[in-house]
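# Survey of secondary and tertiary structure
Read off the chains here:
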Amino acid sequence: MKDLKNKTAWITGASSGIGEALCYELASEGCNLVLSSNEPEELERVKSLLSARGTKSVVLPFDLTDIDSIPGIAQKAISSFGSIDLVFNNGGISQRSMILETPIANDRKIMEINYFSSIAITKAILPHFLKNGGGHIAVTSSLSGLFGFPLRSAYCASKHALHGFYETLRIEYLKENVKVTIACPDRVRTKISVNALAANGKPHGQMDARQDKGITPEDCARAIIKAVKKNKIVVLIGGAERISVYIKRYFPSLFYKLISKVKPT
Ligand SMILES: NC(=O)c1ccc[n+]([C@@H]2O[C@H](COP(=O)([O-])OP(=O)(O)OC[C@H]3O[C@@H](n4cnc5c(N)ncnc54)[C@H](OP(=O)(O)O)[C@@H]3O)[C@@H](O)[C@H]2O)c1
């Protein structure tokens, strides 16, 4: 979709970080926006900033763990402007805990938020795309969707799962003009580490040093929109760790040696 002007985009995780930055980037492309997260007040803040730029948006709060509510929420998203052209499945949560200290309830919560909500939204919006002659789904995976990383077993699993689902979606509905972009950012300077789930089920509560050195959410959002406009299937975004993907692909033994030396933080 080269020209996004007057298209309608639905963004999850729109209250913060990459999702919020996506909203402003899409606004400058001329899109109408449907904004979702679980924090109505934060979404209203984003809506008023968008409105000051002359962008129309509708706030649609819901909890991504409430999978049963998603078909009804998707209908509301569609009726906000009469149609949805693009969905950004971006809302998500990270993790900071070793495998043995992670209760299965935490694994499930991370899978619900990062994987099941995303596929439920996709299944709910797909009939609308097919009726409209197509649409584009962009999903925010991570470099952690391409290799394992300490303290992030469930997070990595949820992001890997997205690749399996969305690569299949793309193949199954290619002829129906359903486009898929899987964005894999390296570290981005957002609240992701602060909000990450610790072993006790509470937020980790810290801005990790390496997180703080990440690229800006604005740079990340620009790269995602560029990839969507170019109809890229997978896009690696950001810092030096992107090289790890190529090392894993071409020199797997070296990759596994290097990743074993990573300090768990
Ligand atoms: N930052 C990075 O380094 C990085 C790197 C690679 C991939 N990513 C991915 O980028 C995406 C956005 O993360 P971010 O970095 O922008 O982090 P963030 O600032 O913490 O934003 C996370 C967003 O997800 C929403 N969310 C979380 N749990 C939710 C729930 N149960 N119900 C509804 N909304 C929920 C949050 O909304 P509330 O207002 O409801 O909390 C917030 O808008 C995530 O999928 C993350 O995995 C981030």
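Structure first, text after, so check above.
Remember, it's a predicted structure, so these values are computed and weren't measured experimentally.

## Things to note about the nonpolar core
Note that soluble globular proteins tend to have their nonpolar side chains buried in a common cluster. W10, I84, V87, I125 and Y166 are the most contacted members of the largest nonpolar core, which totals 44 residues. Among the elements of the structure, α3 (70–81), α4 (104–132), β6 (135–140), α5 (153–172), β7 (178–185), α9 (243–250) and α10 (252–260) are those that each provide at least two residues to this core. With ten residues, the single largest contributor to this core is α4. Y166 has contacts with N89, S118, I119, T122, I137, V139, V180 and I182, leaving out every residue within four places of it along the chain. Counting 31 residues, the second largest nonpolar core, distinct from the first, contains L4, L43, C220 and V228.

## A closer look at the site of the ligand
With respect to spatial proximity, 30 residues lie near the ligand, and among them S15, S16, N38, Y155 and T190 are the closest. Contact between the ligand and V188: an oxygen atom at 2.7 Å from a main-chain N or O atom of the residue. In this structure, an oxygen atom belonging to the ligand sits 2.9 Å away from a side-chain N or O atom of N195. Relative to its unbound accessible area of 880 Å², the ligand is 91% covered by the protein chains. In terms of residue class, the shell around the ligand is made up of nine nonpolar, 15 polar and six charged.

## What about helix α1 (residues 17–28)?
An ideal rise of 1.5 Å per residue puts 16 Å on twelve residues; α1 measures up with 17 Å between its terminal C-alpha atoms. The buried fraction of α1 amounts to eleven of the twelve residues, a majority that puts the element mostly inside the structure. Close packing links the buried residues of α1 with β1 (8–12), β2 (32–36), α2 (40–52), β4 (86–89) and α8 (217–229). Where α1 ends, the next residue or the one after it, G30, has phi of about 95°, a positive value.

## Brief notes about the side chain of T12
Structurally, T12 can be placed in strand β1. Among the residues examined, T12 registers a relative accessible area of 3% and is labelled buried. In terms of polar contacts, T12 uses its side chain to reach the backbone amide nitrogen of G91, at 2.9 Å. If we skip the residues at most four places from it in the chain, T12 touches S36, L64, F88, N89, N90, G91 and I121.

## A closer look at the packing of aromatic side chains
Two measures describe an aromatic ring pair: the distance that separates the ring centres and the angle between the ring planes. Taken as a whole and judged by the stated rule, the model has six aromatic pairs. Taken together, a centroid distance of 6.4 Å and an interplanar angle of 50° make the contact between W10 and F62 tilted. One end of the pair, W10, is in strand β1; the other, F62, is in the loop between β3 (57–59) and α3, with 52 residues separating them in the sequence. Judged by its relative accessible area of 0%, W10 falls in the buried class. Geometrically, the ring pair formed by Y115 and F116 is edge-to-face, given 5.1 Å between the ring centres and 70° between the ring planes. According to the relative accessible area criterion, Y115 is buried, its value standing at 13%. By way of ring pairs, the aromatic residues Y115, F116, F165 and Y166 are connected into one cluster.

## Describing the environment of K248
Relative to the assigned elements, K248 resides in helix α9. Placed 172 residues apart in sequence, K248 and K76 show a C-alpha to C-alpha distance of 42 Å. Apart from residues lying up to four places away in sequence, K248 is in contact with L146, F147, F255 and Y256.

## So, the packing of α1 against α2
The description of two packed helices rests on the angle between their axes and on the distance between the axes. At a closest axis distance of 11 Å, the pairing of α1 and α2 adopts a crossing angle of 20°. Overall, the two elements α1 and α2 adopt an arrangement that is roughly parallel. Our pair here, α1 against α2, has a crossing hand that is right-handed. Contact residues: E20, C23, Y24 and A27 in α1; R45, V46, L49 and L50 in α2. Tallied by class, residues from the contact of α1 with α2 come to six nonpolar, no polar and two charged.

## A look at a nonpolar patch on the surface
A cluster of nonpolar side chains, namely Y246, Y250, F251, L254 and L258, defines an oily patch on the protein surface of about 540 Å² accessible area. For the nonpolar patch, the elements supplying multiple residues, two or more each, are α9 and α10. Among the secondary structure elements, L258 is positioned in helix α10. Owing to a relative accessible area of 44%, L258 belongs among the partly exposed residues under this scheme.

About the thresholds
Every chain is numbered independently, its residues counted from 1 as its sequence is written. pLDDT decides what is reported in this predicted model: residues at 70 or higher carry local features, side-chain atom pairs at 80 or more are listed and counted, and totals for whole chains, interfaces and linings draw on all residues regardless. The basis for every side-chain value is the complete set of non-hydrogen atoms in the structure, without hydrogens or water. The set of buried Ala, Val, Leu, Ile, Met, Phe, Trp, Tyr and Cys residues whose side-chain atoms join them within 4.5 Å is what this entry labels a nonpolar core. Burial classes: relative accessible area under 20% of the type maximum marks a residue as buried, over 50% as exposed, and values in between as partly exposed (1.4 Å probe, protein chains only). For the purposes of this entry, the term helix denotes a DSSP run of H or I that reaches at least four residues, the term strand denotes a run of E that reaches at least two, and both are numbered from the N terminus. By definition, residues are in contact when any of their heavy atoms lie within 4.5 Å. Whether a residue is near a molecule or strand is decided by its heavy atoms; if any one of them lies within 4 Å of it, the residue is near. Counted as a polar contact is a pair of N or O atoms within 3.5 Å, where, for protein atoms, one must be capable of donating a hydrogen and the other of accepting one, and residues adjacent in sequence contribute only when both atoms are in side chains. Working definition of accessibility: Shrake-Rupley area with a 1.4 Å probe, residue cover restricted to the visible protein chains. The classification used treats Ala, Val, Leu, Ile, Met, Phe, Trp, Tyr, Cys and Pro as nonpolar, Asp, Glu, Lys and Arg as charged, and all other residues, Gly among them, as polar. Expected span, for any helix, means 1.5 Å times one less than how many residues it has. Aromatic pairing here means that ring centres of Phe, Tyr or Trp (its six-membered ring) are within 6.5 Å. Orientation follows from the plane angle: under 30 degrees is stacked, over 60 is edge-to-face, and everything else is tilted. Whenever a helix is involved, its axis is fitted only over the stretch in contact; in every case the axis is a line through C-alpha atoms, and angles between N-to-C directions fall within 0 to 180 degrees. Note that the term roughly parallel is reserved for angles under 35 degrees, roughly antiparallel for angles over 145, roughly perpendicular for angles of 65 to 115, and oblique for everything else. It is the rotation of the near helix from the far one that decides the hand of a crossing: anticlockwise by less than a right angle makes it left-handed, clockwise makes it right-handed. Note that patches include only residues with greater than 30% relative accessible area and no salt bridge, and the join distances are 9 Å for like charges and 5 Å for nonpolar side chains (Val, Leu, Ile, Met, Phe, Trp, Tyr). A pair is scored as a salt bridge if a Lys or Arg side-chain nitrogen falls within 4 Å of a carboxyl oxygen belonging to Asp or Glu.

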